[in-house]
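# Structural overview
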Amino acid sequence: MLVLGGGGMRGFCHIGIVRAIERLGLHIDEIVGTSMGAVMGGLLAGGADSYRMEEAAEEVSLKDYFRLNLVKFFTRGYRHASVYKGKAFKALLREWIPQATFEELAKPFYCNALSLTDGTTRFFGLPGSKSMNVADAVYASACLPTIFEPAEIDGDHYIDGGMTETLALRIARAREADLVIAVDLSHRDLHKATPYRATLPHILFQTYEVMGLALNENNLHRFVDDKTVLIKPKVSHLPLLDMPNVNEVVGIGEREAIEALTTHPLTRYLCDPEVVAEEDRMVSAPRDHVQLDVDMNACIHCGICAATCATQGYASVPLGDVVRKLHNYECTRDMACERNCPTGAITLRNL
């Protein structure tokens, strides 16, 4: 099962992930997507290959993707639901995903959205919702609040599923997948501060991103297990809603996926041997090998690292908190220990 996480325009990185999977000869049985991951997942489930997905992504810059709701802002002010109209986005989705219902898709596909009326998460594509329109479900999953108008489906109103679960590993667990390839776009360079800008979009997007990091930390700690290959492309330098260089973003995803999938023990022996042999010459350490470094001069032995780590990388002992495993193979790569260390004493390497 392939699980594609949300991440705004960074989600074009998923195209590179798909291209790597194609190149390695891996077969995907089911697809799960959230937000932009739902957009890319819907295209893939509909039968598009990575090159058609890239063509679709490049079309975004040629269309009026973001249309300001200027008239409604002038007439209704803050009582209006969104900054941009959703019609152009919906039209693109219907063009990209021509299949009317989930039953018509080439592969089983699921995407999640959050109900504004009762606060529950709905997974579209499960029994009972297979006959609904795929493009409408994908729009609901990718409908960032205040940016696009909420999706109205069956008398309810839905927003971006990433508000509660940006990487939908829960449904992968429920589907009892034999192997999960999960693509998490919540990577953030903790050593580089984001300059503050006194603008509404900046404050909103920074809030969404930081909130997503915290939610994703709990999600990864709960659901990443010995059946999960976690890929975290380094895309934190890309803005959430600015149109990126599609070729560059696709390349980032492809390189990261090739390296991760050819070195991870769950997928290495499923890959094309020629690609694995080629990659072996360029990778210095297995990508499931994460190194935990602690500056003992900065450490105050508060115990937060031991309480935070989901894979027992740290331990509390009578003399203070120490690294239990320098080479923490089970690391969920959410950087929770480094992010939550109050003195900045922790550094994770080989991420």
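Rules of the game
- Residues numbered from 1 in each chain as written.
- Predicted model: local features only at pLDDT ≥ 70, side-chain atom pairs only at ≥ 80, totals over all residues.
- Heavy atoms only, no water.
- Buried < 20%, exposed > 50% of the residue type's maximum accessible area, 1.4 Å probe, protein only.
- Helix = DSSP H or I, 4+ residues; strand = E, 2+ residues; numbered from the N terminus.
- Pairing = 2+ DSSP bridges.
- Axes fitted to C-alpha atoms, helices over the stretch in contact; angles between N-to-C directions.
- Parallel < 35°, antiparallel > 145°, perpendicular 65-115°, else oblique.
- Left-handed = near helix turned anticlockwise from the far one by under 90°.
- Contact = heavy atoms within 4.5 Å.
- Nonpolar A, V, L, I, M, F, W, Y, C, P; charged D, E, K, R; others polar.
- Salt bridge = Lys/Arg side-chain N within 4 Å of Asp/Glu carboxyl O.
- Phe/Tyr/Trp six-rings, centres within 6.5 Å; stacked < 30°, edge-to-face > 60°.
- Lys NZ or Arg CZ within 6 Å of the ring centre and 35° of its normal.

Here we take up the pairing of strand S7 (residues 180-183). Neither face of S7 is exposed, since Val180 and Ala182 on one face and Ile181 and Val183 on the opposite face are all buried. Here strand S1 (residues 2-4) pairs with S7 via three bridges, running parallel. In the sheet register, Leu4 faces S7, and the bridge partner there is Val183. By the bridge criterion, four bridges tie S7 to strand S8 (residues 228-231) in an arrangement that is parallel. For Ile181, the partnering residue across the bridge sits in S8 and is Val229.

Here we come to the packing of helix H1 (residues 13-24) against helix H2 (residues 36-45). Between H1 and H2, whose axes approach to 9 Å, the crossing angle comes to 40°. Considering their axes alone, H1 and H2 lie oblique with respect to each other. The two elements H1 and H2 meet at a crossing, and its hand is right-handed. Side by side, H1 and H2 meet where His14, Ile15 and Val18 of the first sit next to Met36, Gly37, Met40 and Leu44 of the second. For the contact of H1 with H2, the class distribution of residues is five nonpolar, two polar and no charged.

A few words now on the environment of Leu215. By the element assignment, Leu215 lies in helix H8 (residues 200-223). Taking the C-alpha atoms as reference points, Leu215 and Thr164, separated by 51 residues in sequence, lie 6.7 Å from one another. Excluding residues that lie within four positions of it along the chain, Leu215 makes contacts with Met163 and Thr164.

With that out of the way, let us pick up the pattern of salt bridges. Opposite charge on two side chains lets them pair, provided their charged atoms get close. For the structure on display, the rule yields 12 salt bridges. Between Arg349 and Asp293 there is a salt bridge, with the nearest N and O atoms lying 2.4 Å from each other. With Arg349 in strand S12 (residues 346-349) and Asp293 in strand S9 (residues 291-294), this pair connects stretches of sequence that are 56 residues apart. For Arg349, a relative accessible area of 43% translates into the label partly exposed.

Overall, the coordinates contain five aromatic pairs when judged by the stated rule. Note on Phe89 and Phe148: the rings are 5.0 Å apart at their centroids and 35° apart in plane angle, and the pair reads as tilted. Linking Phe89 in helix H5 (residues 87-96) with Phe148 in the loop between helix H6 (134-141) and strand S5 (151-153), this pair joins segments that are 59 residues apart in sequence. Taken together, the ring pairs connect Phe89, Tyr139 and Phe148 into an aromatic cluster. Its end group placed over the ring of Tyr51, Arg19 keeps NZ or CZ at 3.9 Å from the ring centre.

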